[in-house]
Amino acid sequence: MTSSHTDCHYCLQPLRGKKYTLREENAYCVRCYDSLFANPCEECKQPIKCDSKDLAYKGRHWHEKCFKCAKCSRSLVEKPFAAKDELLLCTECYSDEYSSKCFHCQKTIMPGSRKTEFKGSSWHESCFVCQYCRQPLGTKPLITKDNENYCVPCFEKQFAHHCYSCKKVITSGGVTYHDQPWHKECFVCAGCKTQLSGQRFISKDEDPYCVDCFSNLYAKKCAACKKPITALGSAQFVSFEERQWHGECFNCTKCSISLVGRGFLTWQDGVFCHECGSA
């Protein structure tokens, strides 16, 4: 600017016919303004005089010609850039050095782009979609199968089993019984309704029973000890004329010798070895 009627606010020299600069409504000659107010350039360390363009970023200043990528030295004037450890980088150099790659397309996720983090990997927002319907997943609930992501409705439509008992979808875990899928919490004893997952059970007419319920409802009782005879107990049992015994309970009523594999005699409710029976 030139003037013919004012003086420099600092050195008081007339500014008539000279260039000057205004700062907070005060006029300064070029020399005083540069010495008082010019910012040092981050790159060349020289003052950025009033006849030069001052480019500022986060409290730091550069000459226009000095405002360039710290790696490839290309000008960053009016171009997108990123900062890393106080260095300015063009987007290409920043991407090569620091940007993550999209897990899906393997292309660089450029600085400033919207991205999604999932299971330790980065995705372009446009790549993070349901494998089946291709709709963006964003923050919606999802299910992963074979490294592919699905929204819940598509996963249920494509893959999920339905519980044989409650008919609802089994999203994880589950139990297979008679070739049918069950929720763990639905796979219960047909008698007492306790959960059977991970427990011993016995099948009867395609219904599962815990050992206690099956024993109480269906197991034959030992003629000697009166306890149920089940496959989960002694593997050996003896049956004779509508009566059953545990193998270890099939003993002579009088001398208690084991009768398993031996001849025996019966009298009333007792069973006897030949010696005791003959006597």
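Residues numbered from 1 in each chain as written. Predicted model: local features only at pLDDT ≥ 70, side-chain atom pairs only at ≥ 80, totals over all residues. Heavy atoms only, no water.

A. The nonpolar core, seen in detail. One finds Cys 102, Trp 123, Phe 128, Cys 130, Leu 137, Cys 151 and Phe 155 to be the most contacted residues of the largest nonpolar core, which totals 15 residues. Taken together, the elements giving at least two residues each to this core come down to strand 11 (148-151) and helix 3 (152-158). (Core = buried A, V, L, I, M, F, W, Y, C linked by side-chain atoms within 4.5 Å. Buried < 20%, exposed > 50% of the residue type's maximum accessible area, 1.4 Å probe, protein only. Helix = DSSP H or I, 4+ residues; strand = E, 2+ residues; numbered from the N terminus.)

B. Spatial organisation of unusual backbone geometry. With a phi angle near 65 degrees, Leu 12 is a residue other than glycine that sits in the positive phi range. Residue position: Leu 12 is located in the loop between strand 1 (2-3) and strand 2 (18-23).

C. Spatial organisation of the packing of aromatic side chains. Scanning the model with the defined rule gives 22 aromatic pairs in all. Three or more aromatic residues joined by ring pairs make a cluster, and in this case those are Tyr 164, Tyr 177, Trp 182, Phe 187 and Phe 201. For the cation-ring pair, Lys 145 lies above Phe 159, with the distance from its terminal atom to the ring centre recorded as 5.2 Å. The side chain of Lys 204 reaches across the aromatic face of Tyr 218, ending 5.2 Å from its centre. (Phe/Tyr/Trp six-rings, centres within 6.5 Å; stacked < 30°, edge-to-face > 60°. Lys NZ or Arg CZ within 6 Å of the ring centre and 35° of its normal.)

D. Region of the structure containing the confidence of the model for the protein. For the protein, the average pLDDT comes to 85, and 95% of its residues sit at 70 or higher. Least confident of the elements in the protein is strand 1, whose mean pLDDT is 50; most confident is strand 5 (residues 60-63), at 94. (pLDDT = per-residue confidence, 0-100.)

E. Summary view of the pattern of salt bridges. Applying the stated criterion to the full structure yields five salt bridges. A salt bridge links Arg 114 to Glu 125, with the nearest nitrogen and oxygen atoms 3.0 Å apart. Of the two residues, Arg 114 sits in the loop between helix 2 (91-97) and strand 8 (115-118) while Glu 125 sits in the loop between strand 9 (121-124) and strand 10 (142-145), which places them eleven residues apart along the sequence. By relative accessible area, Arg 114 is classed as exposed at 61%. (Salt bridge = Lys/Arg side-chain N within 4 Å of Asp/Glu carboxyl O.)

F. Quick peek at the environment of Glu 241. Summarising the element assignment, Glu 241 is placed in the loop between strand 20 (237-240) and strand 21 (243-246). Placed 219 residues apart in sequence, Glu 241 and Leu 22 show a C-alpha to C-alpha distance of 122 Å.

G. Representation of helix 1 (residues 30-37). Listing the buried residues of helix 1 in full gives Cys 32, Tyr 33 and Asp 34. Buried-residue contacts for helix 1 involve strand 2 and strand 3 (26-29). (Contact = heavy atoms within 4.5 Å.)

H. Molecular detail of the domain arrangement of the protein. Along its sequence, the protein is carved into domain 1 (20-96), domain 2 (99-159), domain 3 (175-216) and domain 4 (220-278). Centre-to-centre separation of domain 1 and domain 3, based on C-alpha positions: 77 Å. (Domains from an automatic or database assignment.)

I. Representation of the pairing of strand 8. Here strand 8 shows a clear split, with Thr 116 and Phe 118 buried on one side and none of Lys 115 and Glu 117 buried on the other. As defined by bridge partners, strand 8 adjoins strand 9 across four bridges and the pair is classed as antiparallel. Its bridge partner lying in strand 9, Glu 117 is registered against Ser 122. Joining the antiparallel neighbours strand 8 and strand 9 is a turn of two residues, in which Lys 119 adopts a positive phi near 55 degrees. (Pairing = 2+ DSSP bridges.)

J. Quick look at the side chain of Gln 244. Relative to the elements of secondary structure, Gln 244 occurs in strand 21. Excluding residues that lie within four positions of it along the chain, Gln 244 makes contacts with Lys 220, Lys 221, Cys 222, Ala 223, Ile 229, Phe 237, Val 238 and Ser 239.

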